[in-house]
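As a plain string of letters, each chain reads:
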Amino acid sequence: MNKELTRELLAAVDAAFDEQVRFLADLTRLPSLRCAEASAQDFMAAAFARRKLSVDRWLIDVADIENLPGFSPVAVSYDNAWNVVGSWRPRSPRGRSLILNGHIDVVPTGPLDMWSHPPFDPRVQDGWMYGRGAGDMKAGLAAMVFAFDAIRAVGRVPTGDVYLQSVIEEECTGNGALACLQRGYRADAAIIPEPMEEHLLSAQVGVMWFQVKVRGKPAHVAAAGTGNNAIESCWPLIQALHRLEHQWNETGHPAFSGHRHPLNFVVSKIEGGDWTSSVPAWCTFDMRIGMFPGMKLAEVRAQVESTIAAASATDPFLSHNPPQVVYHGFQAEGYELPRGTEAQTALARAHTAVTGQPLREIASTATTDARFFGLYAGIPAMVYGPKAENVHAFDERVSLESMRRTTQTIALFIADWCGTEPV
C-alpha cells in the first residue's frame, strides 16, 4: 500500500474521531445485558444501513445450531436473541474477503453503589471512556465501523467482501458467532477487536461452565447432627476441583509458558437452603473452569465428574446421594492462532505503520469467539483491539487514544488485505 493512501487513511480516522467517540458513548448507553441486546442491535443495524451496507438482522434459532461443533447449551430463552451483519460486496470482487466481528453483549454491573459513576451513563475523563461495555467490547465495534468509514472517506471502496458482524452471547456461549457461520458467512480472514492492548492474541484457553447440584438431609437446627448440610457438603467438592486445577496447571502448555497459573477454576455463584432454622437440604454452585488448547471437551467433563464422584465417595451421605453435574453455557475449546499467515503479516505491517512499534503477541487466560472461525471454518481469526481496564469489574474504561490507533490499524489492514478502488 502506498504512503499517500496510508497518510490519507490515518487522517480520515482522525477527522471522524469526535463522531466515533459520540458513537461509542451512544452505544455504551444501551444496557445490552443478556436477553436485552435488541435495542443495541437496532442501533448497529441502523448504523450499517446508514453506510449503505446490506443489513441482515435475524433471530437466532437454537435448532439451527445445536448440532454444530462449538455449540454451547443455553438455559435462557432465545425469543429476543438477535444477530446483525452489515455486508459490503463489490460489484466485481477481486480482493480478499474479511470478517470484522464484535460482540454487543455485556456482563452484569454488580452493585451500582460500588461504581464511581452510573455504568450506563458513559463519561470521558483524562482520555478514558468509562462505562459497562465501553471496553468489552463496544470500543472494538466502533473501531471496525469507523475503520470501514475511513476507506470511503478517502474516496475508495474495498475490492473484497467485508462483513461487519455484531453478535450476541460471546460472554456466555459464543452461539452468536456460531450462528453467523451457520448463516453462511465465510471470509479469507477475520479480525475481532477485543480489548487486547493493541497486541495480537496468539492463543486462548478453553472455557467450560457447569453447575453441581448437591442434596442434603433436612433437620431442625436443634438436632442438626441428625441431618446433612448440603451447603457445607459443597466445600470438599470445591477443594477437590481446585486440586484438579493445580494438576492441570502443573502439566502446562507451551503457548502459556509465560503465565504462572493460566487455568483458573472459579466458583462464581452459589445458592442453597430454604430456612435459617433448618439444615439445608439442597445447594447448587456454579463453576467456570479453563482448559488448554487440545484438551477435548468430553475428556474434561469426564475428569470433572470423576473428581466430584471421588470426593463424594468419602462422605457417608453423598456416597449414597451423589451430586448431579449439569452443563450450561460455555463448552468452548481452546484455540491457537496458526503461525505466519499472510493475514498476520498484513496486520503486523498495519500496526507498525500506525504505532511505529512491532506487533507483540500474547496468550490469554480467557476465551473469545476466535475459536469458531479458526477451529470450525479454517479462517485465520486475529484478536486485536484497544487498551481497556477493569473489564468485568467496577469502573470499566477504555483508552480513547488506543481506540483511535486500533481504528487506524484496522483501516490500513482493510485497504491492504482487501485492496481498494476509487468509488
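Parameters at a glance
Residues numbered from 1 in each chain as written. Predicted model: local features only at pLDDT ≥ 70, side-chain atom pairs only at ≥ 80, totals over all residues. Heavy atoms only, no water. Helix = DSSP H or I, 4+ residues; strand = E, 2+ residues; numbered from the N terminus. Rg over C-alpha atoms; globule rule 2.2 N^0.38 Å. Buried < 20%, exposed > 50% of the residue type's maximum accessible area, 1.4 Å probe, protein only. Contact = heavy atoms within 4.5 Å. Areas by Shrake-Rupley, 256 points an atom, 1.4 Å probe, with all protein chains shown as cover. Lys, Arg positive; Asp, Glu negative; His and termini not counted. Charge placed at Lys NZ, Arg CZ, Asp CG, Glu CD. Core = buried A, V, L, I, M, F, W, Y, C linked by side-chain atoms within 4.5 Å. Pairing = 2+ DSSP bridges. Axes fitted to C-alpha atoms, helices over the stretch in contact; angles between N-to-C directions. Salt bridge = Lys/Arg side-chain N within 4 Å of Asp/Glu carboxyl O. Polar contact = N/O pair within 3.5 Å; in protein donor to acceptor, adjacent residues only side chain to side chain.

Caption draft 1: Structural detail: the overall build of the protein. Each helix and strand in the protein was counted, giving 11 helices and 19 strands. A compact globule built from 423 residues should have a C-alpha radius of gyration of about 22 Å, and the protein, at 23 Å, falls within 12% of that. Its C-alpha atoms put the protein at 80 × 40 × 40 Å along the principal axes. The buried share among the 423 residues of the protein stands at 56%. Counting only contacts in the protein whose residues sit at least 6 apart along the sequence, the fraction spanning at least 24 positions is 82%. On the protein, roughly 17600 Å² of surface is accessible, and the fraction owed to carbon and sulfur atoms is 51%. Positive and negative charge centroids in the protein, built from 37 and 47 side chains respectively, lie 4 Å apart.

Caption draft 2: Geometry of helix H5 (residues 134-153). For H5, the tally of buried residues reaches 18 of 20 residues, placing the bulk of the element in the interior. Following H5 by one or two positions, Gly155 has its phi on the positive side, about 80°.

Caption draft 3: How the structure looks around the nonpolar core. Residues Leu98, Leu100, Leu164 and Phe413 are the most contacted members of the largest nonpolar core, which totals 91 residues. Of all the elements, H5 adds the most residues to this core, at 13 residues. Once residues lying within four places of it in the same chain are set aside, the contact partners of Leu98 are Asp161, Val162, Tyr163, Ala187, Ala189, Ala190, Ile191, Phe413, Ile414, Trp417 and Cys418.

Caption draft 4: Examining the sheet that holds strand E17 (residues 388-389) more closely. Read across the sheet, four strands follow the order E4-E5-E18-E17 without closing on themselves; strand pairing throughout is antiparallel. Two strands close off the open sheet at either side, each with one partner strand: strand E4 (123-125) and E17. Alignment of E17 against strand E18 (residues 397-399), held across two bridges, turns out to be antiparallel. Counterpart to Ala388 in the pairing with E18 is Val398. H5 rests against strand E5 (128-130), E17 and E18 of the sheet, and its axis sits at about 45° to E18. The strands touched by helix H11 (residues 400-418) are E4, E5 and E18; relative to E18, the strand with the most contacts, the crossing angle is about 55°.

Caption draft 5: Broad picture of the environment of Gly110. Mapped onto the fold, Gly110 is located in the loop between strand E3 (98-103) and E4. With a relative accessible area of 38%, Gly110 lands in the partly exposed category. With 283 residues separating them along the chain, Gly110 and Ala393 place their C-alpha atoms 8.2 Å apart.

Caption draft 6: View of the sheet that holds strand E11 (residues 266-272). Pairing is antiparallel across the open sheet formed by four strands, whose spatial order is E11-E12-E10-E13. Of all strands in the sheet, those with a lone pairing partner are E11 and strand E13 (324-332), marking the two edges. Taken over all neighbouring pairs, the strand axes of this sheet differ in orientation by 15° on average, direction set aside. Here strand E10 (residues 206-215) runs beside E13; their pairing, made up of six bridges, is antiparallel. Residue pairing for E13: Lys213 is matched across the bridge by Gln324. Strands in contact with helix H7 (residues 230-251) are E10, E11 and strand E12 (282-291); relative to E12, the strand with the most contacts, it is inclined by about 10°. Strands in contact with helix H8 (residues 297-313) are E10, E12 and E13; relative to E13, the strand with the most contacts, it is inclined by about 150°.

Caption draft 7: The arrangement of the pattern of salt bridges in detail. Enumeration over the complete set of coordinates arrives at 15 salt bridges. Its salt-bridge partner being Arg132, residue Glu396 comes within 2.8 Å of it at the nearest N-O pair. Here Glu396 is found in the loop between E17 and E18, whereas its partner Arg132 is found in the loop between E5 and H5, with 264 residues between them in sequence. In this structure Arg132 comes out as buried when scored by relative accessible area, which is 1%. Arg404 serves as the salt-bridge partner of Glu401, at 3.1 Å between the closest nitrogen and oxygen. Within this pair, Glu401 and its partner Arg404 are both found in helix H11, separated by three residues, close to a single helical turn. Here the salt bridges share partners, and the residues they tie into one network are Asp14, Glu401 and Arg404.

Caption draft 8: Examining the side chain of Asn101 more closely. Position of Asn101 relative to the elements: it lies in strand E3. We classify Asn101 as buried; its relative accessible area is 1%. A polar contact is formed between the side chain of Asn101 and the side chain of Gln165, at a distance of 2.9 Å. Ignoring sequence-local partners within four residues, the contact set of Asn101 consists of Met137, Met144, Gln165, Val167, Ala177, Ile191, Ile192, Pro193, Asp369 and Phe373.

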